[in-house]
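Letter by letter, the chains look like this.
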Amino acid sequence: MANKGLSNIKGVSKQDKEMIENIETMMGPEPEDMGLMKNVFWGRFREDLVFPYPRESKEERDTCDALLEELEDYLENEHPAVEIDQEEHIPEWCIERLFDMGVMGMIIPEEYGGLGLGVTSYNRVLELIGKHCASTAVMVSAHQSIGCKALVMFGNEEQKDEYLPMVAREKLSAFCLSEPNVGSDAAGQESFSVKTEDGDYVLNGEKKWSTSGALSGLFTVMCKNMVKNPDTGELEQKGVNALICTPDMEGVEIFEKNRSKTGIRGTWQARIRFNDVRVPKENMLHKEGRGLNVALSCLNYGRCTLSAGVTGAAKAAMDQGIKWAQTRYQFKRPISDFELVRQKVARMSALVYAMDAMLYMMTGMLDRGDKDIMVETAITKVFCSHYGWEVINEVMQIMGGEGYMTEHELERSWRDNRIHAIVEGSNEVMQSFIFAYGGKKLAEQMVSVQDALTWDTDEGISDNLSRILTAATNPTVMSKALPLAGQLFMGIKPKAPEVRSVHPALRSQAQTLSTLIQKHSHYFKMASKWEREKIVEHQAQQARVADNAIYLYAMITSLSKMDDQLRTGEYGPEFERDRAAFEYLFDWFENKIHENFGQLRHNADDSMRKAAEAALRFNDTLPNKDFYIHEGSPLGRDAGKETPTEHIKQFPGDGVDPRTQDRAPGETDELELEDVPAASGDGAPEEPKPAAEDGVA
Ligand SMILES: Cc1cc2nc3c(=O)[nH]c(=O)nc-3n(C[C@H](O)[C@H](O)[C@H](O)COP(=O)(O)OP(=O)(O)OC[C@H]3O[C@@H](n4cnc5c(N)ncnc54)[C@H](O)[C@@H]3O)c2cc1C
């Protein structure tokens, strides 16, 4: 049976078809073996992928433990986390310190000067940094998970020899995917490169939000690959390129180094213009036109380290929040006596348990080289960013007014960790992705069966009859069609998958999981039947299916982790907490999944759509000039309210290297180029200085 792909579904708008095609191109070919969660969409459970809970080798763990010990000592005793937030800058000495410890080159192979650690160790380090300082966690992650990860994964020997030692030991790197008009729609690149006759590329365009862009020695730049059509002489896009660029290339202009923001204020996001930059052909990463695949492969790692950072922050917040609840007295008792506070305590503990289980399952899969992991990394990212921040938000509530005060550091974590739901694929985009990519193969089979056996009004009578009769007498088609029909029209579900590999004490949770997986697959098919082609635009329904996949992944990974804890004979108060958290998680998420099943059939989506329509219509009557409007809006840059800069910290720009400046703390006006003192000279790392003396960039 020919697989037509999902972009051929009838009744789907042109824009949606294009979006599906873009996603299919970005994904590249499907891995041969379907990963864990795609199987769950089919109602199957690949026990071999999750049991036993993955573990690093003892040698790897010991190496990482030694690094963690050194790093923790630094983070607790020297790292100026408060100052970084207040001054909106990570001092150069901190970055050098991290380079010296090897933290900035953890994932780079030893032969290039890195530590050559695995993904699990790398994420353990990020979790520890996230516990102390989210700005630093994001800077470290932007450098290694996305900034130079493409070079590590796709670079050839010459490229690695040339650049990896630098990014392992001296200089930051930046990932340049986003643009003023390219946010969630990563495939819509406007920057472009054109191949010259000698095979080099000329790059033009503007990049936005490149974390550490103004501080980096290397950029991974994504751009449209424009190729001349030999017949017409016109330039045509042939995919996307991923190019290595360096700030010293002629035509590279860093015209904005940073903007003041809500959280992770120590990180800097640059705007970079590429004006006719000649990029040697040797700087092409992977293959011409395969840059989006490069970018997405990097994002898998970014989504893990982002999750590790917020998991660290959530764990720290939870411990603080519970301690507060036990020691803050109101109504003549600790507030932890109240059930609504206890509910928060229980939820935090269940969520943190699941975040941890999911994260290190994910890193274990990456370490052992599993190929089909994009759904799982997306799930981990959505779960950890959403619930990690929710944990911190609950602690803010538990701590009351004091939680809102700067001194207790919780408010910094609350601001810092809000970003994760927006970046590296916003959570809404990820929900649609989890639905579409998780269920893609199953949906394709359903569409194929339907195409083969149903009347097509675009075809003539004889074509229709001959196709349907051929399909109806084809055993392969019918072996798929009959069970599907039985399920869709008579509610006959395929057998629930077996979950056998668990510790005997976990049999009841294994049974729950098995039934929920069976039902998840059933409801995915039923929702596709109820919604027909509208499912492509009905994102609220997609989100229910995606959320259920997310809850199931949390349950699966938690089951595996608890299995491991039981088998290794863990005991004591920490284990008791984990066990109770795990049991609550199962009960809680089972309820949430059932709620979503119910809402897939009976929901308020129709009136939701009408309410949204009406609100949008009303808003159309409000003058644009009273509101902020995105700079890339088709309405034009000046359509909205002017953005104020007065009293908002401005950062030095215009080609000034912030790492060579000497400014007093709190000094905010933009500096002229002439005001900048010469760079410190010989390039030798300076002795670490207390942050207060180091000043702002
Ligand atoms: C602090 C920071 C650091 C960053 N670092 C980097 C970096 O190092 N390199 C880099 O390339 N980029 C970076 N970015 C950019 C970041 O990846 C983008 O902000 C992100 O991709 C979202 O794009 P956007 O902000 O333009 O939001 P938009 O695309 O405008 O989306 C706004 C919102 O619209 C909704 N939305 C959009 N599309 C859909 C959809 N299809 N379905 C449902 N809802 C949708 C979502 O709720 C989304 O949050 C950074 C951004 C920030 C703020």
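Conventions and cut-offs
Residues numbered from 1 in each chain as written. Predicted model: local features only at pLDDT ≥ 70, side-chain atom pairs only at ≥ 80, totals over all residues. Helix = DSSP H or I, 4+ residues; strand = E, 2+ residues; numbered from the N terminus. Buried ≥ 20, exposed ≤ 12 C-beta atoms within 10 Å, placed from the backbone. Contact = placed C-beta atoms within 7 Å. Pairing = 2+ DSSP bridges. Expected span 1.5 Å × (residues − 1). Axes fitted to C-alpha atoms, helices over the stretch in contact; angles between N-to-C directions. Parallel < 35°, antiparallel > 145°, perpendicular 65-115°, else oblique. Left-handed = near helix turned anticlockwise from the far one by under 90°. Nonpolar A, V, L, I, M, F, W, Y, C, P; charged D, E, K, R; others polar. Near = placed C-beta within 6 Å. Domains from an automatic or database assignment. Core = buried A, V, L, I, M, F, W, Y, C linked by C-beta atoms within 7 Å. Arc of directions from axis to C-beta. pLDDT = per-residue confidence, 0-100.

Engineer: Tell me about the overall build of the protein chain, residues and numbers included.
Structural biologist: Secondary structure assignment for the protein chain yields 24 helices and nine strands. Across the 697 residues that make up the protein chain, the buried fraction comes to 43%. In the protein chain, 75% of the contacts between residues at least 6 apart in sequence involve partners at least 24 apart.

Engineer: Please give an account of the pairing of strand S4 (residues 216-228) that cites residues and values.
Structural biologist: In the sheet, strand S1 (residues 172-176) pairs with S4 via five bridges, with the strands oriented parallel. Across the sheet, Ser173 pairs through a bridge with Leu218, a residue of S4. Where strand S2 (residues 192-195) lies against S4, three bridges are found, and the strand directions are parallel. Bridge assignment links Ser193 to a residue of S4, and that residue is Asn225. In sequence, S4 turns back onto strand S5 (residues 235-245) through a hairpin of six residues, with Gly233 there showing a positive phi of about 75°.

Engineer: With reference to specific residues and values, describe the environment of Ile146.
Structural biologist: Within the secondary structure, Ile146 is located in helix H8 (residues 134-147). You can call Ile146 buried: it has 26 C-beta atoms within 10 Å. C-alpha of Ile146 to C-alpha of Ala174: the two residues are 28 residues apart in sequence and 7.3 Å apart in space. Discounting chain neighbours no more than four positions away, the residues touching Ile146 are Phe175, Cys298, Leu299 and Gly302.

Engineer: So what about the environment of Ser178? Which residues, and what values?
Structural biologist: Its place among the elements puts Ser178 in the loop between S1 and S2. Assessed through the 20 C-beta atoms surrounding it within 10 Å, Ser178 is described here as buried. Taking the C-alpha atoms as reference points, Ser178 and Lys208, separated by 30 residues in sequence, lie 5.5 Å from one another. Discounting residues that sit within four places of it in the chain, Ser178 has contacts with Gly183, Lys207, Lys208 and Trp209.

Engineer: Any details on helix H13 (residues 374-398)? Residues and values, ideally.
Structural biologist: In an α-helix, one full turn covers 3.6 residues, which means residues spaced three or four apart are oriented alike. Between its terminal C-alpha atoms H13 stretches 36 Å, which fits the 36 Å expected from 25 residues at 1.5 Å a residue. Summarising burial for H13: 20 of the 25 residues are buried, a large majority. Phi turns positive, to about 60°, at Gly400, one or two residues after H13.

Engineer: Give me the lowdown on the packing of helix H20 (residues 507-531) against helix H21 (residues 539-567), citing residues and values where you can.
Structural biologist: Between two packed helices, the angle of one axis relative to the other and the distance separating the axes together describe the packing. The interhelical angle for the contact between H20 and H21, taken along N-to-C directions, is 165°, at an axis separation of 11 Å. Between H20 and H21, the crossing angle belongs to the class labelled roughly antiparallel. Here H20 runs over H21; the crossing is left-handed. Facing Gln509, Ala510, Leu513, Leu516, Ile517, His520, Phe524, Ala527 and Glu531 of H20, the residues of H21 in contact are Gln541, Val545, Asn548, Ala549, Leu552, Met555, Ile556 and Leu559. Looking at the contact of H20 with H21 residue by residue, the class counts come to twelve nonpolar, four polar and one charged.

Engineer: Can you lay out unusual backbone geometry for me, pointing to particular residues and giving the numbers?
Structural biologist: Across the junction of Phe51 and Pro52, the peptide omega takes the value -5°, indicating a cis bond. With respect to the helices and strands, the residue Pro52 is situated in the loop between helix H3 (47-50) and helix H4 (58-77). Unusually for a residue other than glycine, Lys332 sits at a positive phi of about 65°. On the neighbour-count criterion, Lys332 (6 C-beta atoms within 10 Å) is exposed. Phi angles above zero are rare outside glycine, and Glu409 is one such case at about 70°. As for its placement among the helices and strands, Glu409 is situated in the loop between helix H14 (400-403) and helix H15 (410-416).

Engineer: Hey, could you go over the site of the ligand for me, with residue numbers and the actual values?
Structural biologist: Close contacts around the ligand come from 20 residues, with Leu177, Gly183, Ser184, Trp209 and Ser426 the closest. Of all the elements in the fold, those that place two or more residues in the shell around the ligand are S1, strand S3 (201-211) and helix H16 (427-438). Looking at side-chain class alone, the shell around the ligand contains ten nonpolar, nine polar and one charged residues. Counting the residues that make up the shell around the ligand, at least three belong to each of domain 3 (173-290) and domain 4 (294-431).

Engineer: Could you give an account of the nonpolar core, naming the residues involved and the relevant values?
Structural biologist: Among the nonpolar cores identified, the biggest contains 170 residues, and Leu243 and Ile434 are the most heavily contacted of them. Looking at this core element by element, the count peaks at 17 residues for helix H11 (residues 291-327). Non-local contacts of Ile434, meaning those with residues more than four positions away in its chain, are made with Val375, Ala378, Ile379, Ala546, Ala549 and Ile550.

Engineer: Lay out the pairing of S2 with the relevant residues and their values.
Structural biologist: Sheet topology places S2 next to S3; four bridges connect them, and they run antiparallel. By the bridge assignment, Val194 is partnered in S3 with Val202. Linking S2 back to S3 in an antiparallel pair, the connection comprises five residues, with Gly199 at a positive phi of about 95°.

Engineer: A description of helix H6 (residues 92-101) should follow, citing residues and the corresponding values.
Structural biologist: When we look at burial in H6, the residues that qualify are Glu92, Cys94, Ile95 and Leu98. Viewed end-on, H6 has its buried residues packed into an arc of 165°, placing them on one side of the element. Looking at the buried positions of H6, the neighbouring elements they touch are H8. Of the residues flanking the end of H6, it is Gly102, one or two places downstream, whose phi is positive at about 95°.

Engineer: Pulling in residues and values, what's your account of the packing of H11 against helix H12 (residues 339-367)?
Structural biologist: Here H11 crosses H12 at 155°, and the two axes come no closer than 10 Å. The angle between H11 and H12 falls in the class roughly antiparallel. The crossing of H11 and H12 is left-handed. Between H11 and H12, the contacting residues are Cys304, Ser307, Ala308, Thr311, Ala314, Lys315, Met318, Gly321, Ile322 and Ala325 on the first element and Val341, Val345, Met348, Ser349, Val352, Met355, Asp356, Leu359, Met362, Thr363 and Leu366 on the second.

Engineer: Pulling in residues and values, what's your account of the confidence of the model for the protein chain?
Structural biologist: Confidence in the prediction for the protein chain averages 89 pLDDT; 87% of positions are at 70 or higher. The low-confidence segment residues 655-697, where pLDDT is below 50, has 53 contacts with residues more than four positions distant or belonging to other chains.

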